[in-house]
Each structure stands twice: as structure tokens, then as C-alpha cells.
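Architecture and fold: a report
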Amino acid sequence: MQPGIVPQVSDSELALLQIVWAEGGRARYAAIMDRLSAGGSGWQKNTVITLLSRLVEKGLLRVSKIGRRNEYIAVVSQAEYQAAQARVLLNKLYAGSAKGLVATLIQQDMLSAADYEELRQFWAKEREGQ
């Protein structure tokens, strides 16, 4: 996988990645199934195995054998995935313009005044650190 380029995943694949990330970046198959069951998911064993295999093929997870059990390890962190998907969104919908995205969020009341203030403080803090 090239740096900064993260393959697209389905919603179901993303749900599995989120479980692995929530488990600290490493999760055994049994823990994944437990989390799916706790969430009310009726996913079948073969579906989960197929989706995990796809994530391994895409280079987002790697698998490690622990005895007869599989442990899935995230190759990409949640922050890296989010940043890559944000770039895809910006490029696809806003021709790379973050300003366009923020303007849409404000115009559609998706960004509250409190959110704006929090972002402003974050921006100021980031600029101080440079």
C-alpha cells in the first residue's frame, strides 16, 4: 500500500475495522464476533471471515496465528484512515477545497457555534506549535 493512499472499504468492512481499532489495533476473531453479537448483529461466521480476508487482501489488516486462532492487526490506524478518507471526500466533492467543505457545513447548520469555537481554539493552538 502506498503511503497516504488507503483502499476504499464497504460499510461492513469498516464496521470490522472499527472493532479492531476499538480493541487497541489487535483483535482475535472471537472478540470480533463477541462485539458484533453485543451490538445486535446477526452476521454469520462465513460473512465475517470473508470480510476480514478482504481487509487483509486490501492491506488494511494483517493476520497472525496464535495457536489455531487468528488475531487481526490493523496496518492503518483509525486516524490515518480518517485522514485518507477526508482527502478523498475533499477531492471528489470539493475539488480539494477544505474551505468549500467547511462552508457547506456552516450553511447547512452542521457546524454549531460551539464546534466553530472549538475548532478555532484548536487552530490557534496548532499554529502556536509551529
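Details of the sheet that holds strand β2 (residues 61-66)
The strands making up a sheet associate through backbone hydrogen bonding, with each pair oriented either parallel or antiparallel. Ordered by their spatial adjacency, three strands build an open sheet running β1-β3-β2, and the pairing between neighbours is antiparallel. Each edge of the sheet is formed by a strand with only one pairing partner; in this case those strands are β1 (26-28) and β2. Strand-to-strand twist of the sheet, defined as the mean angle between neighbouring strand axes without regard to direction, takes the value 25 degrees. Alignment of β2 against strand β3 (residues 69-74), held across six bridges, turns out to be antiparallel. The residue of β3 that forms the bridge with Ile-66 is Arg-69. Here helix α3 (residues 45-57) sits on the sheet in contact with β2 and β3, set at roughly 115 degrees to β2.

Points about the packing of aromatic side chains
Scanning the model with the defined rule gives one aromatic pair in all. Aromatic side chains Trp-21 and Tyr-81 sit 5.7 Å apart centroid to centroid with 45 degrees between the ring planes, which places their arrangement in the tilted category. Here Trp-21, found in helix α1 (residues 11-22), pairs with Tyr-81, found in helix α4 (residues 78-94); they are 60 residues apart in sequence, far enough to count as distant. Residue classification places Tyr-81 among the buried positions, given a relative accessible area of 8%.

Describing the nonpolar core
Grouped together as the largest cluster of nonpolar side chains are 22 residues, with contacts concentrated most on Leu-16, Ile-32, Val-48 and Leu-52. Among the secondary structure elements, those contributing two or more residues to this core are α1, α2 (29-38), α3 and α4. The element that contributes the greatest number of residues to this core is α1, accounting for five residues. Sequence-distant contacts of Leu-16, defined by excluding residues within four places in its chain, comprise Ile-32, Leu-36, Trp-43, Val-48, Leu-51, Leu-52 and Leu-55.

Notes on unusual backbone geometry
Of note, the phi angle at Ala-95 is positive, near 50 degrees, even though the residue is not glycine. Position of Ala-95 relative to the elements: it lies in the loop between α4 and α5 (98-107). By relative accessible area, which is 75% here, Ala-95 ends up exposed.

The rules behind these values
Residues numbered from 1 in each chain as written. Predicted model: local features only at pLDDT ≥ 70, side-chain atom pairs only at ≥ 80, totals over all residues. Heavy atoms only, no water. Pairing = 2+ DSSP bridges. Helix = DSSP H or I, 4+ residues; strand = E, 2+ residues; numbered from the N terminus. Axes fitted to C-alpha atoms, helices over the stretch in contact; angles between N-to-C directions. Contact = heavy atoms within 4.5 Å. Phe/Tyr/Trp six-rings, centres within 6.5 Å; stacked < 30°, edge-to-face > 60°. Buried < 20%, exposed > 50% of the residue type's maximum accessible area, 1.4 Å probe, protein only. Core = buried A, V, L, I, M, F, W, Y, C linked by side-chain atoms within 4.5 Å.

Distances and angles like these do not, on their own, reveal function.
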